[in-house]
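Notes for the structure review
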Amino acid sequence: VAGLTDVDARRLASAQRNLDDARAIYPDRAEVDVLDEKIAGLELALLIERLTATARAAAQGDDWATAEQSYIQVRRLAPANRDITDGLALAQMINALHARAARHLAAPARLASEAVAADAGSVVDAVGPLRGDSPRLAAQADVLADLVAAYGVKVPVRIVSDGKTDITVRGVGIVGKITERTIELRPGQYTFEGIREGFQAVLVRVDIPPGQADMVLEIVPDERI
């Protein structure tokens, strides 16, 4: 009876001591098996509560990596618990977005690609509804949004040549034979090629940063073949 009272009062250690005492005196009584089952149930319930509390505290502290791991552990014990399932889904979503944002922020020059910039923009949009759940993720998204905007503004590049050289921008298009022309390019890395009959081709590699102004390139082959 004392053991069952301890279980009802959620006193696990005391209930376990009473179970040990009862086993020593009445090893074959059904009541001992009942107490054993109830203690096992209490032990599981307390473990679920502890893991859930750890997960929620981590989420509250914007530590979603710890929250995810704790939710994974508790879901194994209570797979039908909707709150736990929802908490895990939120943690996984935030952590996945954090990883995607971190990859873009680690290599901002890749935002020169429209496809990469579009992916970064989708990360920023997806973070919107989660800003209140993760201030750290929201801060990442703000920085990323500024970078996407900066890489979306084309930079004027003035090209100067001799009017006899065929100029192209590799992967972009033909400039042609010009003495002077201004083209606009997204920030990024480019290779300009100048070809003139009788001369060695000229390759000019440039890195155009966001916000660059007054960029001038002179492309004139000067080494005869």
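Residues numbered from 1 in each chain as written. Predicted model: local features only at pLDDT ≥ 70, side-chain atom pairs only at ≥ 80, totals over all residues. Heavy atoms only, no water.

Considerations on the overall build of the chain
Of the regular secondary structure elements, the chain holds seven helices and seven strands. Counting from the amino terminus, the chain carries its helices and strands in the arrangement α-α-α-α-α-α-α-β-β-β-β-β-β-β. Projected onto the principal axes, the alpha-carbon positions of the chain cover approximately 105 × 35 × 20 Å. Every one of the 225 residues in the chain was classed for burial, and the buried ones make up 35%. The long-range share in the chain, meaning contacts at least 24 apart out of those at least 6 apart in sequence, stands at 51%. For the chain, the accessible surface area stands at approximately 13,100 Å², while carbon and sulfur atoms represent 51% of it. Here the chain carries 26 positive and 33 negative side-chain charges, and the mean point of each set is 4 Å from the other. (Helix = DSSP H or I, 4+ residues; strand = E, 2+ residues; numbered from the N terminus. Buried < 20%, exposed > 50% of the residue type's maximum accessible area, 1.4 Å probe, protein only. Contact = heavy atoms within 4.5 Å. Areas by Shrake-Rupley, 256 points an atom, 1.4 Å probe, with all protein chains shown as cover. Lys, Arg positive; Asp, Glu negative; His and termini not counted. Charge placed at Lys NZ, Arg CZ, Asp CG, Glu CD.)

Some thoughts on the pairing of strand β2 (residues 166-169)
Covered by surrounding structure in β2 are Ile 167 and Val 169 only, the residues Asp 166 and Thr 168 on the alternate face being uncovered. The turn joining β2 and strand β3 (residues 173-177), which pair antiparallel and follow one another in sequence, is formed by three residues; a positive phi near 80 degrees is taken by Gly 171. By the bridge criterion, four bridges tie β2 to strand β5 (residues 188-195) in an arrangement that is antiparallel. The residue of β5 that forms the bridge with Val 169 is Phe 192. (Pairing = 2+ DSSP bridges.)

A closer look at the packing of helix α6 (residues 114-127) against helix α7 (residues 135-151)
Running from N to C, α6 and α7 cross one another at 145 degrees; their axes reach a closest spacing of 9 Å. Where α6 crosses over α7, the two elements pack in a sense that is left-handed. Facing Ala 117, Ala 120, Gly 121, Val 123, Val 124 and Val 127 of α6, the residues of α7 in contact are Leu 137, Ala 138, Ala 141, Leu 144, Ala 145 and Val 148. Per-class residue counts for the contact of α6 with α7 are 11 nonpolar, one polar and no charged. (Axes fitted to C-alpha atoms, helices over the stretch in contact; angles between N-to-C directions. Left-handed = near helix turned anticlockwise from the far one by under 90°. Nonpolar A, V, L, I, M, F, W, Y, C, P; charged D, E, K, R; others polar.)

Quick notes on the confidence of the model for the chain
With 96% of its residues at a pLDDT of at least 70, the chain reaches an overall mean of 91. Model confidence for the chain, summarised as mean pLDDT per element, is weakest for helix α1 (residues 2-8) at 70 and strongest for β2 at 98. (pLDDT = per-residue confidence, 0-100.)

Topic: the sheet that holds strand β4 (residues 180-185)
Pairing in this open sheet of three strands is mixed, and the strands run β4-β1-β7 from one edge to the other. Unpaired on one side and paired on the other, β4 and β7 (215-218) mark the two borders of the sheet. With direction set aside, neighbouring strand axes in the sheet form an average angle of 30 degrees. Pairing geometry for strand β1 (residues 155-160) and β4, over six bridges, is antiparallel.

A word on the pairing of β7
Covered by surrounding structure in β7 are Met 215 and Leu 217 only, the residues Val 216 and Glu 218 on the alternate face being uncovered. Relative to β7, β1 is paired through four bridges, and the arrangement is parallel. Within β7, the position partnered with Val 160 by the bridge is Glu 218.

Remarks on helix α5 (residues 82-106)
Taking 1.5 Å of rise per residue, the 25 residues of α5 would be expected to cover 36 Å, and the 36 Å separating its terminal C-alpha atoms lies within 8% of that figure. Every buried residue of α5 is listed here: Ile 84, Gly 87, Leu 88, Ala 91, Ile 94, Asn 95, Leu 97, Ala 101 and His 104. Two or three places before Asp 83, at the opening of α5, Asn 81 has a side-chain oxygen 3.0 Å from that residue's backbone nitrogen. (Expected span 1.5 Å × (residues − 1). Polar contact = N/O pair within 3.5 Å; in protein donor to acceptor, adjacent residues only side chain to side chain.)

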